[in-house]
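If you want the building blocks of each chain, they are given just below.
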Amino acid sequence: MLSVFCSGEVVCEPPNNKLDRFSGTLYWKESKFPLSNQNMLLRGCVLRNTEWCFGLVVFAGPDTKLMQNSGRTKFKRTSIDRLMNTLVLWIFGFLVCMGVILAIGNAIWEHEVGMRFQAYLPWDEAVDSAFFSGFLSFWSYIIILNTVVPISLYVSVEVIRLGHSYFINWDKKMFCMKKRTPAEARTTTLNEELGQVEYVFSDKTGTLTQNIMVFNKCSISGRSYGDVLDVLGHKAELGQKPEPVDFSFNPLADNKFLFWDPTLLEAVKMGDPHTHEFFRLLSLCHTVMSEEKNEGELYYKAQSPDEGALVTAARNFGFVFRSRTPKTITVHEMGTAVTYQLLAILDFNNIRKRMSVIVRNPEGRIRLYCKGADTILLDRLHPCTQELLSTTTDHLNEYAGEGLRTLVLAYKDLDEEYYGEWAQRRLRASLARDSREDRLASVYEEVESNMVLLGATAIEDKLQQGVPETIALLTLANIKIWVLTGDKQETAVNIGYSCKMLTDDMTEVFVVTGHTVLEVREELRKAREKMLDSPHAVGNGFTCSEKRSAKLTSVLEAVAGEYALVINGHSLAHALEADMELEFLETACACKAVICCRVTPLQKAQVVELVKKHKKAVTLAIGDGANDVSMIKTAHIGVGISGQEGIQAVLASDYSFSQFKFLQRLLLVHGRWSYLRMCKFLCYFFYKNFAFTMVHFWFGFFCGFSAQTVYDQYFITLYNIVYTSLPVLAMGVFDQDVPEQRSMEYPKLYEPGQLNLLFNKREFFICIAQGIYTSVLMFFIPYGVFAEATRDDGTQLADYQSFAVTVATSLVIVVSVQIGLDTGYWTAINHFFIWGSLAIYFAILFAMHSNGLFDMFPNQFRFVGNAQNTLAQPTVWLTITLTTVVCIMPVVAFRFLKLSLKPDLSDTVRYTQLVRKKQKAQHRCLRRVGRTSSRRSGYAFSHQEGFGELIMSGKNMRLSSLALASFTTRSSSSWIESLRRKKSDSAGSPSGGADKPLKG
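Since the structure is predicted, the reported quantities are computational estimates derived from the model, not experimental observations.

Novice: Whenever I open this one, the overall build of the chain confuses me. Can you help?
Specialist: In terms of helices and strands, the chain carries 37 helices and 23 strands. Out of the 1000 residues in the chain, the part that is buried amounts to 50%. Sequence separation of at least 24 residues holds for 73% of the intrachain contacts in the chain that already meet a minimum separation of 6. As displayed, the chain offers around 49100 Å² of accessible surface, 58% of which is attributable to carbon and sulfur atoms.

Here it is in structure tokens:
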């Protein structure tokens, strides 16, 4: 059969990433057939409701439209990973420097001193000079001091990350009971970066909303239906819901459909012609496919949930769409089957924002039915409908204020002669080689004019539970949320208001809809000028003129008002061009909320890449469909929601769960804790390694640079594996500064991660300095004591093995006390590992100096009883105690002063928590001793002045973090802001020079 097509030829556009557009022509048997997007089947799609079809592959492999929209898969690494790699290189360079210093010392010592002892300490046969001795000493010290390079660090980091991933998987508060879906960490390498997110890019449908459309209200011939009424016919109060409308008269009704206004059904049953025409339009003007597996069991497969909701509403009110063929549509109208001839479908697209069908009824009358956005359709109505138009517009404004998705319905009668001429013009336009879409649009525009208004529909796409609260909480944590959606502007803006991204209190909402580069640039420029010229832009005591002359690094620092930006897909395409992307980014970052409408999957990824490139901030993308995959892969962190659109987003993501509200817990609890734990782990790990290794360096100056070690070989082997590995792992896995409830209650606690305060190059050098300081005291205090100390029997205490035992014991005790100070949350595991490691150290120490091991391995364990004899001396324990106190006291003093003079926000939260616990304990004590005999209420006597005025003002309707901000000391709130300003100063403006005025 396919051989008959061998003489055919397809001429089409080259491969591109435009999913909503295709233009081509099929030449076959001396005839031309237009090919449009309706003839295209995208890669991965499934063709339904047909047994067979003829197909032709137009694009394959990387040329397919979906592959053109997919971004490259990138290996994701955290900022801490990249910093660790740099620090390890620095440490290796430091190791080489220490080796060179000690090698030079060895060469000088051998030349100046060692030459005198050749009779007693001759060189090896291969060593013929002091220089060569120094060269060999260099490599010996590289081997001895190699423990300063944290080889085991990477293994420990992966173990900690694995533990954090399991905590996410096991979190019952992120488990969706309805879908039986737990949260899942699909990677173990990005956990700590969850605590550093600054930008969240979110899809709308299915991510912020449930993607379940419900026919909620409608307006027919100037009358609004859908309000919930009580038994007296008045609008019901909030929370009251009577019985839903009974559709039992209709055997084909969908039992899941609920409607609360019975007057609409009464109008249908009474045969109101406007109501019948309204639902007739809904049952005909669509592209829904119907499937009837059993008699009376209809299943609708709609291109969008909106169409499915409208057709289902018509079905329940007696106009049941039953079946369709390429040329007919069969509808059961109030129980009677009626077949309409389908003459043309004028399909929806981003520019038209409307859809029409032209049908011929059984009586032969031709009618055009149209539904579309009110901004488009209301301008195409016949002038005779002005009075009805005014009433319907009021209803539309009412519905939009409730966050509903609205459509306007209209119709137009066509005579046979006019339709025949119009059909010929449409055919010629569809076969045009050039400007086919423009010509078709012109033909469509002609017929879709002077229509008669029928009414309007209002569909509710319900927000997911907890979305407004989640967005409010993330905003308080200084996380910017951008919505990137393929939906039209009106719908996206409505949802923006519903989820409280957009509010009526905002200074202004900028809408960018330019179709050319110049128009978009001008609209962005005007938006920036309005932000700077607005009186709200005056803040921090500066006037506008002073602000314009100041050195601003971005518009964000100059603007104090609340602004929002809404931009369409065609405008965004121009805004993302190389010569304008920085203007768009600077304008968008100055706004509190950004909504990008009608964007393609590739544009979503481009917006994310733009912020990653110029803002140097951690980005997170969250979506639920295949069109979100590119965005999810491009962002630093990708989150997939397992919703109504399959699992492609989940499969491409790094983390997944079933509801958007779980994002706040993922970031503010798991992300913040992971970042905190990882930073504390790294600081302690570098500290303990330097404290351990640098002792060898100091000892080199007192042993003739002979590459002799301070500790015995077994202690060197077991230090990182046994004595100090488990305590730091326990801290890295279990530690927390405040409980999870406080992390959610005070979102400002999230900001240190965004500013990268807990582990950076400065913190690294502080840890290194503390480690070197500890090593100096660890070596020189025992060295000074042992120089003059004697045993109880008067013999000299200073021998190599006793010195080694004393230094090793001091080291283990000091690092154990230090990790105890660093641990903020004690569990049984922490206690067991810390004190257990100390116990294991002493057990192994005494075992290695015991008679038993000497009898079994006399050549390995020669120093029998050394540990017992050394630790039996009071002088040794006084030395260990002195070393521990001198090493730890500066740390304790510094933290005490910092807590008193400049506490962190987490310190303040912990303090308030302790105060609350004490108050509760005191309150319980008072209740125990209080009188219980009187039953009279004490409210009138004990209650202070009420908070009624405060509640009515709304000032208390903020999250607790705002109250906490006023509670904290002025210094604890200002230091984060100053660091944020420093960070923005160092990053510079996205557009380049900081001195450049924004208006130019």
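Novice: When you look at unusual backbone geometry in this model, what are you seeing that I'm missing?
Specialist: Most peptide bonds are trans, and most residues other than glycine sit at a negative phi. Not every positive phi belongs to a glycine, and Asn-478 is a case in point at roughly 65 degrees. Along the chain, the position of Asn-478 falls in the loop between α12 (467–476) and β17 (480–484). Backbone geometry at Lys-500 places phi at a positive 70 degrees, although glycine is not the residue there. Among the structural elements, Lys-500 can be located in the loop between α13 (489–498) and β18 (508–512).

Novice: Is there a simple way to think about the UniProt feature "transmembrane region" (unreviewed entry) in the chain in this case?
Specialist: UniProt's entry tags residues 87–109, 129–155, 681–702, 714–734, 764–783, 803–821, 833–854 and 874–897 with the feature "transmembrane region" (unreviewed entry), counted in the numbering of this structure. Along residues 129–155, the helical share is 67% and the strand share 0%, with 42 Å between the first and last C-alpha atoms. Across residues 874–897 one finds 100% helix and 0% strand; the C-alpha atoms that close the span lie 34 Å apart.

Novice: What is the right way to look at the pattern of salt bridges in this model?
Specialist: Side-chain pairs of opposite charge can arise where the charged atoms are in close proximity. Within the structure shown, the criterion is met by 40 salt bridges. In this structure, Glu-292 and Arg-322 form a salt bridge, with 2.8 Å as the shortest nitrogen-oxygen distance. Of the two residues, Glu-292 sits in strand β8 (residues 289–294) while Arg-322 sits in strand β10 (residues 319–324), which places them 30 residues apart along the sequence. Assessed through its relative accessible area of 31%, Glu-292 is described here as partly exposed. On the basis of relative accessibility, which here comes to 13%, the residue Arg-322 falls in the buried class. Where Arg-762 meets Glu-763, a salt bridge forms, and the shortest distance between an N and an O atom there is 3.2 Å. Overlapping salt bridges, with partners in common, bring together Glu-277, Arg-280, Glu-333, Arg-367 and Asp-413 in one network.

Novice: I keep staring at the pairing of strand β6 (residues 209–220) and nothing clicks. Help me out?
Specialist: Regular strands have side chains that alternate between both faces of the sheet. Where β6 lies against strand β16 (residues 452–463), 8 bridges are found, and the strand directions are antiparallel. Directly across from Cys-218, in β16, lies its bridge partner Thr-457. Note: β6 against strand β7 (residues 223–225), 3 bridges, orientation antiparallel. Looking at β7, one finds that Ser-219 is bridged to Ser-224. In this antiparallel pair of consecutive strands, β6 and β7, the connection spans 2 residues, and Ser-221 shows a positive phi of 50 degrees.

Novice: I would appreciate a short explanation of the packing of helix α2 (residues 79–112) against helix α4 (residues 153–170) in the present structure.
Specialist: Each pair of packed helices gets described by two things: the angle between the helix axes and the distance between those axes. Here α2 crosses α4 at 165 degrees, and the two axes come no closer than 12 Å. Here α2 is positioned roughly antiparallel relative to α4, judged by the angle of their axes. The handedness of the crossing between α2 and α4 comes out as right-handed. Taken together, the residues of α4 that come into contact with α2 (itself represented by Asp-81, Met-84, Asn-85 and Val-88) are Leu-153, Tyr-154, Val-157 and Arg-161. In terms of residue class, the contact of α2 with α4 is made up of 5 nonpolar, 1 polar and 2 charged.

Novice: How do you make sense of helix α23 (residues 713–723) when you look at a structure like this?
Specialist: An α-helical turn contains 3.6 residues, so any two residues separated by three or four positions project in the same direction. Within α23 the residues assigned to the buried category are Phe-715, Tyr-719, Asn-720 and Tyr-723. An end-on view of α23 places all buried positions within 125 degrees of arc, on one side of the element. On its buried side, α23 packs onto α22 (662–700), α24 (725–734), α28 (800–822) and α29 (828–848). Capping of α23 at its N-terminal end is provided by Asp-712; its side-chain oxygen lies 3.0 Å from the backbone amide nitrogen of Tyr-714.

Novice: Looking at this structure, how should I read the packing of aromatic side chains?
Specialist: For any pair of aromatic rings, the description consists of the separation of the ring centres together with the inter-plane angle of the planes. As enumerated under the stated definition, the model contains 58 aromatic pairs in all. Ring centres 5.4 Å apart and planes at 80 degrees place the aromatic pair Phe-697 and Phe-701 in the edge-to-face group. The class for Phe-701 is partly exposed, based on a relative accessible area of 41%. Between Tyr-723 and Tyr-841 the ring centres are 5.2 Å apart and the planes differ by 90 degrees, which places this aromatic pair in the edge-to-face class. Residue Tyr-723 is found in helix α23, and its partner Tyr-841 is found in helix α29; the two are separated by 118 residues along the sequence. Side by side, Tyr-723 and Tyr-841 carry an identical accessibility label, which is buried. Connected via pairs of aromatic rings, a cluster forms that spans Phe-697, Trp-698, Phe-699, Phe-701, Phe-702, Phe-705, Phe-779, Phe-780, Tyr-783, Phe-786, Tyr-800 and Phe-803. A cation over an aromatic ring shows up here: Arg-315 above the ring of Tyr-300, its NZ or CZ 5.4 Å from the ring centre. In this structure, Lys-480 packs its charged tip against the face of Tyr-199, placed 5.6 Å from the ring centre.

Novice: It is not clear to me how the sheet that holds strand β1 (residues 9–12) should be interpreted in this structure. Could you clarify?
Specialist: For sheets, the rule is that strands pair by backbone hydrogen bonds, running either parallel or antiparallel. Pairing within the open sheet is antiparallel, and its 3 strands lie in the order β1-β2-β3. The open sheet has two edge strands, β1 and β3 (31–35), and neither has a second partner. On average, adjacent strands in this sheet sit at an angle of 20 degrees to one another, irrespective of strand direction. In terms of strand pairing, strand β2 (residues 24–28) meets β3 through 5 bridges, oriented antiparallel. Bridged to Thr-25 within β3 is Pro-34.

Novice: I tried to follow the nonpolar core on my own but got confused; where do I start?
Specialist: The nonpolar side chains of a soluble globular protein tend to be buried, and buried together. Membership of the largest hydrophobic core comes to 82 residues, with the highest contact counts inside it found for Phe-681, Leu-682, Phe-686, Tyr-711, Phe-715 and Leu-811. Per-element accounting of this core gives the leading share, 18 residues, to α22. What Phe-715 contacts, discounting residues up to four positions off in sequence, is Phe-692, Tyr-723, Ala-808, Leu-811, Val-812 and Tyr-841. With 47 residues, the next largest nonpolar core counts Leu-252, Tyr-300, Ala-309 and Val-320 among its residues.

Novice: Even after reading the chapter, I still don't get empty space enclosed by the protein, so can you show me in this structure?
Specialist: Empty pockets left among the atoms are what a rolling probe the size of a water molecule brings to light. For the coordinates displayed, the defined rule picks out 3 cavities of 30 Å³ or more. Approximately 60 Å³ is the volume found for the largest cavity. What lines the largest cavity is Asp-712, Phe-715, Tyr-723, Ala-804, Val-805, Ala-808, Tyr-841, Leu-845 and Met-848. Broken down by secondary-structure element, the contributors of at least two residues to the lining of the largest cavity are α23, α28 and α29. Residues of the lining of the largest cavity, tallied by class, amount to 8 nonpolar, no polar and 1 charged.

Novice: I tried to follow a nonpolar patch on the surface on my own but got confused; where do I start?
Specialist: Nonpolar side chains collect at one region of the surface, where Ile-101, Phe-701, Phe-702, Phe-780 and Tyr-783 lie side by side and expose about 460 Å² of accessible area between them. By the secondary structure assignment, Phe-701 is in the loop between α22 and α23.

Novice: Where do I start with the environment of Asp-792 in this structure?
Specialist: Secondary-structure assignment places Asp-792 in the loop between α27 (761–788) and α28. Since its relative accessible area comes to 62%, Asp-792 is described here as exposed. Separated by 81 residues in the primary sequence, Asp-792 and Gln-873 place their C-alpha atoms 7.1 Å from one another. When neighbours within four sequence positions are excluded, Asp-792 is seen to be in contact with Gln-873 and Pro-874.

Novice: How should I be thinking about the side chain of Lys-688 in this particular structure?
Specialist: Looking at where Lys-688 falls in the secondary structure, it is placed in helix α22. Of the side chains with opposite charge, Asp-822 comes closest to the buried, unpaired Lys-688, at an N-O distance of 12 Å. Separated by 2.5 Å, the side chains of Lys-688 and Asn-720 make a polar contact. For Lys-688, the contacting residues outside a window of four places in its chain are Tyr-719, Asn-720, Thr-724 and Val-815.

Novice: Which parts of the structure should I look at to understand α13?
Specialist: Taking burial as the measure, the 10 residues of α13 include 7 buried ones, the bulk of the element. All of the buried residues along α13 are Gln-489, Thr-491, Ala-492, Val-493, Asn-494, Ile-495 and Gly-496. Residue Lys-500 follows α13 closely and has a positive phi angle near 70 degrees.

Novice: Honestly, the state of the cysteines in this entry has me stumped. Any pointers?
Specialist: Each disulfide consists of one covalent bond between the sulfur atoms belonging to two cysteines. Scanning all chains against the criterion turns up 0 disulfides. In this model Cys-683 remains outside any disulfide bridge; the closest cysteine sulfur is found in Cys-767, 3.5 Å from its own. Judged by relative accessible area, which is 15%, Cys-683 ranks as buried.

What counts as what
- Residues numbered from 1 in each chain as written.
- Predicted model: local features only at pLDDT ≥ 70, side-chain atom pairs only at ≥ 80, totals over all residues.
- Heavy atoms only, no water.
- Helix = DSSP H or I, 4+ residues; strand = E, 2+ residues; numbered from the N terminus.
- Buried < 20%, exposed > 50% of the residue type's maximum accessible area, 1.4 Å probe, protein only.
- Contact = heavy atoms within 4.5 Å.
- Areas by Shrake-Rupley, 256 points an atom, 1.4 Å probe, with all protein chains shown as cover.
- UniProt positions renumbered as here; feature names shortened; annotations may be inferred.
- Salt bridge = Lys/Arg side-chain N within 4 Å of Asp/Glu carboxyl O.
- Pairing = 2+ DSSP bridges.
- Axes fitted to C-alpha atoms, helices over the stretch in contact; angles between N-to-C directions.
- Parallel < 35°, antiparallel > 145°, perpendicular 65-115°, else oblique.
- Left-handed = near helix turned anticlockwise from the far one by under 90°.
- Nonpolar A, V, L, I, M, F, W, Y, C, P; charged D, E, K, R; others polar.
- Arc of directions from axis to C-beta.
- Polar contact = N/O pair within 3.5 Å; in protein donor to acceptor, adjacent residues only side chain to side chain.
- Phe/Tyr/Trp six-rings, centres within 6.5 Å; stacked < 30°, edge-to-face > 60°.
- Lys NZ or Arg CZ within 6 Å of the ring centre and 35° of its normal.
- Core = buried A, V, L, I, M, F, W, Y, C linked by side-chain atoms within 4.5 Å.
- 1 Å grid on protein atoms, 1.4 Å probe; cavity = no way out; pocket = protein on both sides within 12 Å on 5 of 7 lines; lining within 4 Å.
- Points joined across faces, edges and corners; volume = space filled by probe spheres on them.
- Patch = residues over 30% accessible without salt bridge, like charges linked within 9 Å, V, L, I, M, F, W, Y side chains within 5 Å.
- Lys, Arg positive; Asp, Glu negative; His and termini not counted.
- Disulfide = S-S within 2.5 Å.

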